[in-house]
Amino acid sequence: MRFLKGHGTENDFVILPDPGGEVDLSASLVAKICDRRAGIGADGVLRVAPTKQSPEVADQAAAAEWFMDYRNSDGSMAEMCGNGVRVFARYLVDAGLVHGTEFGVATRGGVRRVRVEPNGDITVDMGKPSVHGESTASVGGQEYTGLHVDMGNPHLACSIGDPVVQLDLNHQPGFDTGVFPAGVNIELFNPVGTSRAVMRVYERGSGETRACGTGAVATAVAAAALTGDTTGTWTIEVLGGTLTVILDEDTSYLSGPAVIIASGELTIAE
């Protein structure tokens with residue numbers, strides 16, 4: 001099987017082109033591919049399949065020709081991945097599978113509109129964040145209160161007084177399973193100056209990653225809420241670089257670099 005490797009602010013993915021919509025990915029195979037010692041290594045897998053040949057999203061075919069079948073590094077399926085969409089879009093552009101600078105991508109969280117910027121950055125319309133009140137996360141025995149933000153996948157974005165660089169995120173932070181029965185992506189952030197925040201993230205099904213696109217938007221929403229705002233442009237610093245989040249009354253946008261760094265033949269077996 002042919003594969004490519006790409007990343008968006010070091011949130012990295014293995015891309016599997018499947019133009020015939022025939023590849024059946026098992027959770028165990030995805031986990032092997034994403035293993036950083038025995039596999040290629042990645043935060044997740046992006047299978048590129050025709051939307052019309054993908055029953056779970058076939059109703060999106062009129063708005064998006066290609067379906068981003070996203071899997072976390074443990075093999076579980078996810079509804080959405082903001083940096084994944086941007087890397088997916090970069091692949092579609094580089095492979096000549098889309099025309100023009102704006103197009104749709106089908107996801108389990110709905111169609112996401114993508115735009116290629118003049119400087120090469122990829123911007124994606126992430127949809128309107130849905131806020132569901134507060135909940136708590138615990139790290140190293142310390143409890144933090146955060147905002148429950150739904151971006152097509154669940155997030156808990158916590159502003160903390162401790163420097164995020166000092167946090168131990170080698171293990172899953174604690175959270176309220178009554179609020180998040182299917183798990184949650186947890187962002188811990190420090191506001192720094194005007195419309196800027198430094199963030200670390202523990203992603204459901206992947207562990208700590210160098211960046212998280214939906215998490216960056218959730219962080220911007222939570223940071224804005226601290227000042228009583230719901231709109232504005234935010235700079236979110238992640239371990240792998242910098243992302244820009246724009247919040248307006250109707251939707252949100254995520255923008256930043258996305259690159260393809262390698263391609264080859266995959267020989268990993270079940």
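A few points on the structure. Quick caveat, the model's predicted, so the values are computed rather than measured. In this convention, every chain numbers its residues from 1, walking through the sequence in written order. Where local features are concerned, this predicted model is filtered to residues with pLDDT of at least 70; where side-chain atom pairs are given and counted, the filter is 80 or more; whole-chain, interface and lining totals use all residues. For side-chain calculations, the full set of non-hydrogen atoms in the structure is used, while hydrogens and water are omitted.

Take the sheet that holds strand E1 (residues 2-8) next. Strand order in the open sheet formed by five strands is E4-E3-E2-E1-E18, and the pairing between neighbours is mixed. Of all strands in the sheet, those with a lone pairing partner are strand E4 (66-72) and strand E18 (259-265), marking the two edges. For this sheet, the mean inter-axis angle between neighbouring strands, taken without regard to orientation, is 25°. Any two strands with at least two DSSP bridges between them are considered paired. Working definition: helices are DSSP H or I runs of at least four residues, strands are E runs of at least two. Numbering for both runs from the N terminus. As paired strands, strand E2 (residues 11-17) and strand E3 (residues 44-50) are joined by five bridges and run parallel to one another. Bridging from a neighbouring strand, Ile 15 pairs with Leu 46 of E3. Note on contacts: a residue pair is in contact if any heavy atoms of the two residues lie within 4.5 Å. Convention adopted: a line fitted to C-alpha atoms gives each axis, helices being fitted over their contacting stretch, and angles between N-to-C directions are expressed from 0 to 180 degrees. Sitting on the sheet, helix H1 (residues 27-34) touches E2, E3 and E4, and the angle it makes with E3 is about 120°.

Another aspect to go through is the nonpolar core. The nonpolar side chains of a soluble globular protein tend to be buried, and buried together. Of all hydrophobic cores here, the largest spans 51 residues; its most connected members are Leu 92, Ile 236 and Val 245. Here this core gets eight residues from one element, more than from any other, and that element is helix H3 (residues 213-226). The residues contacting Leu 92, other than those within four sequence positions of it, are Val 48, Trp 66, Leu 97, Val 98, Phe 103 and Val 105. Here, the term nonpolar core denotes a set of buried Ala, Val, Leu, Ile, Met, Phe, Trp, Tyr and Cys residues that are joined through side-chain atoms within 4.5 Å. We call a residue buried when its accessible area falls under 20% of the maximum for its residue type, exposed when it is over 50%, and partly exposed in between, using a 1.4 Å probe and counting protein chains only. Listed in part, the 14 residues of the second largest apolar core include Cys 158, Leu 167, Leu 188 and Tyr 202.

On to the state of the cysteines. The disulfide criterion used throughout: a pair of cysteine sulfur atoms within 2.5 Å. Tallying each qualifying case throughout the model produces zero disulfides. For Cys 158, which is in no disulfide, the shortest distance to another cysteine sulfur is to Cys 212 and amounts to 14 Å. Left without a disulfide partner, Cys 212 is nearest to the cysteine sulfur of Cys 81, which lies 6.4 Å away. On the basis of relative accessibility, which here comes to 3%, the residue Cys 212 falls in the buried class.

The element strand E17 (residues 252-256) is largely enclosed, with a buried count of four among its five residues. Bridge count for strand E7 (residues 122-125) against E17 is four bridges, and the pairing is antiparallel. What sits directly across from Thr 123, in E17, is Ser 255. In this structure, strand E16 (residues 241-247) lies alongside E17, joined through four bridges in antiparallel fashion.

You can see Met 126 is positioned in the loop between E7 and strand E8 (130-139). Apart from residues lying up to four places away in sequence, Met 126 is in contact with Met 80, Gly 82, Arg 112, Met 151, Gly 213, Thr 214, Val 217, Thr 251, Ser 252, Tyr 253 and Leu 254.

Before going further, it helps to examine H1. Of all the residues in H1, the buried ones are Leu 29, Val 30, Ile 33 and Cys 34. One side of H1 holds all its buried residues, which, seen down the axis, span an arc of 130°. This arc describes the spread of directions from the helix axis toward the C-beta atoms.

Salt-bridge detection follows one rule: a side-chain nitrogen of Lys or Arg within 4 Å of a carboxyl oxygen of Asp or Glu. Counted by the stated rule, this structure contains 14 salt bridges. Ionic pairing is found between Asp 94 and Arg 90, a salt bridge with its closest N-O pair at 3.8 Å. Of this pair, Asp 94 and Arg 90 both sit in helix H2 (residues 82-94), separated by four residues, roughly a single helical turn. Arg 90 gets classed as buried once you look at its relative accessible area, which sits at 13%. The structure contains a network of salt bridges with shared partners spanning Asp 18, Arg 47, Glu 56, Asp 69, Arg 71 and Arg 108.

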